[in-house]
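Commentary on secondary and tertiary structure
Below, each chain spelled out in residue letters.
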Amino acid sequence: MVVWTIERLTSLASIDAVLAIEDATFTNPWTRAMYAAEFDNPQVSRIYVVRPGSAPAVGFCACWLIADELHINNLAVLPGYRRSGAATALLEHVLREGERGGAVRASLEVRRSNEVARQLYRRLGFADVGVRLGYYTRPVEDAIILSRDGLAPPEL
């Protein structure tokens, strides 16, 4: 059984692993400048990485904590570590941290075609609440909006 180490990044100096995961995962990845802007707003923006033990990061989650809502901007795991439990461990950690920060709900968007991610989110208590038409580019695709009220761990 893998023991996952999850930590919040606190400076742009540690963003290289996130950028590598972005490039390996997304068709329209965020840039270093976009992440620099996130670090300029640490009261709202949070970036967490997950690693197996003390190995290099294999996944990350970028999110915002605004008032009483946690918004997941990006969540990605390297292809070789998908379905290993990394995303579940990471998202459960992020939800707990959001709850500690005062969030009572969480939201996110996911590509309509990303059924694996949608299954993960549903398993963790998220429900489909809407659609953003043409939200994604490269390729253009609708986003499914998901939301979850209450951030305490769901009973699985």
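To start, this report covers the structure provided alongside it. Quick caveat: nothing in here was measured; it's all calculated off a predicted structure. (Residues numbered from 1 in each chain as written. Predicted model: local features only at pLDDT ≥ 70, side-chain atom pairs only at ≥ 80, totals over all residues. Heavy atoms only, no water.)

Take the overall build of the protein chain next. Along its length, the protein chain carries four helices and seven strands. The N-to-C order of helical and strand elements in the protein chain reads β-α-α-β-β-β-α-β-α-β-β. Here the protein chain has a C-alpha radius of gyration of 15 Å; the compact-globule value for 156 residues is 15 Å, and the two agree. Taken along the three principal axes of its C-alpha coordinates, the protein chain extends 35 × 35 × 35 Å. Counting every position in the protein chain, which comprises 156 residues, the buried fraction comes to 44%. Considering only contacts in the protein chain between residues 6 or more positions apart, those separated by 24 or more positions represent 58%. By element, 55% of the accessible surface of the protein chain is carried by carbon and sulfur atoms, the whole surface being about 8,100 Å². For the protein chain, the centre of its 17 positive side-chain charges and the centre of its 18 negative side-chain charges are spaced 3 Å apart. (Helix = DSSP H or I, 4+ residues; strand = E, 2+ residues; numbered from the N terminus. Rg over C-alpha atoms; globule rule 2.2 N^0.38 Å. Buried < 20%, exposed > 50% of the residue type's maximum accessible area, 1.4 Å probe, protein only. Contact = heavy atoms within 4.5 Å. Areas by Shrake-Rupley, 256 points an atom, 1.4 Å probe, with all protein chains shown as cover. Lys, Arg positive; Asp, Glu negative; His and termini not counted. Charge placed at Lys NZ, Arg CZ, Asp CG, Glu CD.)

This part covers the pairing of strand 2 (residues 45–52). For strand 2, the tally of buried residues reaches eight of eight residues, placing the bulk of the element in the interior. Neither face of strand 2 is left uncovered, since the one carrying S45, I47, V49 and R51 and the one carrying R46, Y48, V50 and P52 both have all their residues buried. Pairing between strand 1 (residues 4–8) and strand 2: five bridges, direction antiparallel. Residue pairing across strands places E7 opposite V49, the latter belonging to strand 2. (Pairing = 2+ DSSP bridges.)

Let us look at the side chain of S107. Assignment of secondary structure puts S107 in strand 5 (residues 105–111). Here the side chain of S107 touches E69 through a polar contact of 2.4 Å, side chain to side chain. Ignoring sequence-local partners within four residues, the contact set of S107 consists of E69, L70, H71, I72, F126, L146 and S147. (Polar contact = N/O pair within 3.5 Å; in protein donor to acceptor, adjacent residues only side chain to side chain.)

Before going further, it helps to spend a moment on helix 2 (residues 32–39). Three- or four-residue spacings in an α-helix give side chains the same orientation, since the helix completes a turn every 3.6 residues. Those residues of helix 2 not exposed but buried are Y35, E38 and F39. Seen end-on, helix 2 carries its buried residues on one side only, within an arc spanning 95°. The secondary structure elements touched by the buried residues of helix 2 are helix 1 (16–25), strand 2, strand 3 (59–66) and strand 4 (69–77). (Arc of directions from axis to C-beta.)

Here the focus is helix 3 (residues 86–100). For helix 3, spanning 15 residues, the distance from its first C-alpha to its last is 21 Å, which sits close to the expected 21 Å at 1.5 Å a residue. Across the 15 residues of helix 3, eleven count as buried, placing the element largely inside the fold. Looking only at helix 3, the buried set comprises A86, A87, T88, A89, L90, L91, H93, V94, L95, E97 and G98. Positive backbone phi, at 105°, marks G102, one or two positions downstream of helix 3. (Expected span 1.5 Å × (residues − 1).)

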